[in-house]
Amino acid sequence: MPEIKLATWNIEWMISLFGATWTQWDGTMPQAYPGGSFGGIRLAKIEDVPVLANRIAGVIGAVAPKILMVQEGPPLKAQMELFVKDYLNDDFVVHSSNSKSQCLHALVHKSIANKVSSFAHDGQETAMLRTGLKFYPWGKIAAADQKTHKFDRRPLVLTFRPSASKKLRLINVHTKSKFSKLKTPAQWFAREAEAINDALLVRQKLSAEIYRLREFVVKDLGPGNDPPDGTVVLGDLNDGAYAELIEREFLIHNIIDELVGSFLEPDTFFKHAMTPATIANAFTVSFPDPLEGGQIVHEMIDHVVVSPGIWQTGGKFKLKAGSCKVELAAFNQFDATTAQRKRGDRPSDHRPVSAIIEY
């Protein structure tokens, strides 16, 4: 049975590989990057850009995907194409979403490039994904309090057609982060209203993005809309499989649960591509959690979920049993991180996740 390997990887501020330049980019990749402030974010120093670029390319080569969904890619499609040309043997065709400091790209191997197309991020097909969602912050009810939120990094939507009778939809997603004014346990225990309300607002914005994405996939899979035979959502969802402090204390929905849908709508109920046993021990990021006293925590925030057309039996596409995994071996092969945690020593702060779809 033919199969295709898909992967998703947040490659940690790839704009740094291009000197953190965007509108003033000179068409090259520098030998080093001194670090600096970019849009309020402190970007780390890179002592040797080619060495880091080779680490990243090494991981991609070891994973060997036919389609790689990239988050935190460079803002310009031309920049991603230069990276592919110089470090990936020019083996991939690049598809890109809206140009942002952290842009979504898809690298499609040239062996299947003629079978893959993408929706324009500013076209009619993705109009819903550009539409803001109105909501009320926690504790607010006045009309003037209503807020609107929409994707800053618009999902990138691909279509894979291995034959005239088979169509698979692939959606690259990078939702907003959970970073907020709530940064320390002391703020929580002191019940600092501004910080806690901001943390709640951030999660509402995250939920708004997932709500809109959910609407999009349900409509796309609906009858009379030339629906795909299956849909795979891949990317950095900035949320894990289990509720953390704010979610536990305020009984907020986990956004992964929001994305998969309701058991009352089985025709559009998504499932995680990992087996329960695998996801129970999986992680893609490690970081000191300020709300846990700075303790290093391991979280699974990069995911692959599949529609009923894939997880149910008898469909034109199906998930290869046990194939979805975090590509730790591929990552570790090119990771030289020491206690100094230099940016140039690690391929990224995320590990890739892959899955194989049979057709």
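Scope of this entry: the structure provided in the associated data block. Everything quoted here is computed from the prediction, not taken from an experiment. (Residues numbered from 1 in each chain as written. Predicted model: local features only at pLDDT ≥ 70, side-chain atom pairs only at ≥ 80, totals over all residues. Heavy atoms only, no water.)

## Focus on helix α1 (residues 49-63)
For α1, built from 15 residues, the straight-helix expectation of 21 Å at 1.5 Å per residue is met to within 8% by its first-to-last C-alpha distance of 21 Å. For α1, a buried count of 11 out of 15 residues is recorded, marking the element as mostly surrounded by other parts of the structure. Val49, Pro50, Leu52, Ala53, Arg55, Ile56, Ala57, Gly58, Val59, Ile60 and Val63 are the residues of α1 that are buried. In this fold, the buried residues of α1 make contact with β1 (3-10), β4 (67-73), α2 (77-87), α9 (328-332) and β19 (353-358). Capping the start of α1, Asp48 holds a side-chain oxygen 3.2 Å from the backbone nitrogen of Val51, two or three residues further along. Looking one or two residues past α1, Ala64 carries a phi angle of roughly 60°, positive in sign. (Helix = DSSP H or I, 4+ residues; strand = E, 2+ residues; numbered from the N terminus. Expected span 1.5 Å × (residues − 1). Buried < 20%, exposed > 50% of the residue type's maximum accessible area, 1.4 Å probe, protein only. Contact = heavy atoms within 4.5 Å. Polar contact = N/O pair within 3.5 Å; in protein donor to acceptor, adjacent residues only side chain to side chain.)

## Points about the pairing of strand β16 (residues 302-306)
The element β16 is largely enclosed, with a buried count of five among its five residues. Taking every second residue as pointing to the same face, both faces of β16 are buried, with Asp302, Val304 and Val306 on one and His303 and Val305 on the other. In this structure, strand β12 (residues 230-236) lies alongside β16, joined through five bridges in antiparallel fashion. Bridge pairing in β16 places Val233 opposite Val305. Relative to β16, strand β13 (residues 271-272) runs antiparallel, the two sharing two bridges. Residue pairing in the sheet places Lys271 in a bridge with Val306 of β16. (Pairing = 2+ DSSP bridges.)

## Considering the environment of Asp257
Note that Asp257 resides in helix α6 (residues 255-260). Sequence separation between Asp257 and Asp122 is 135 residues, and the spatial gap between their C-alpha atoms is 28 Å.

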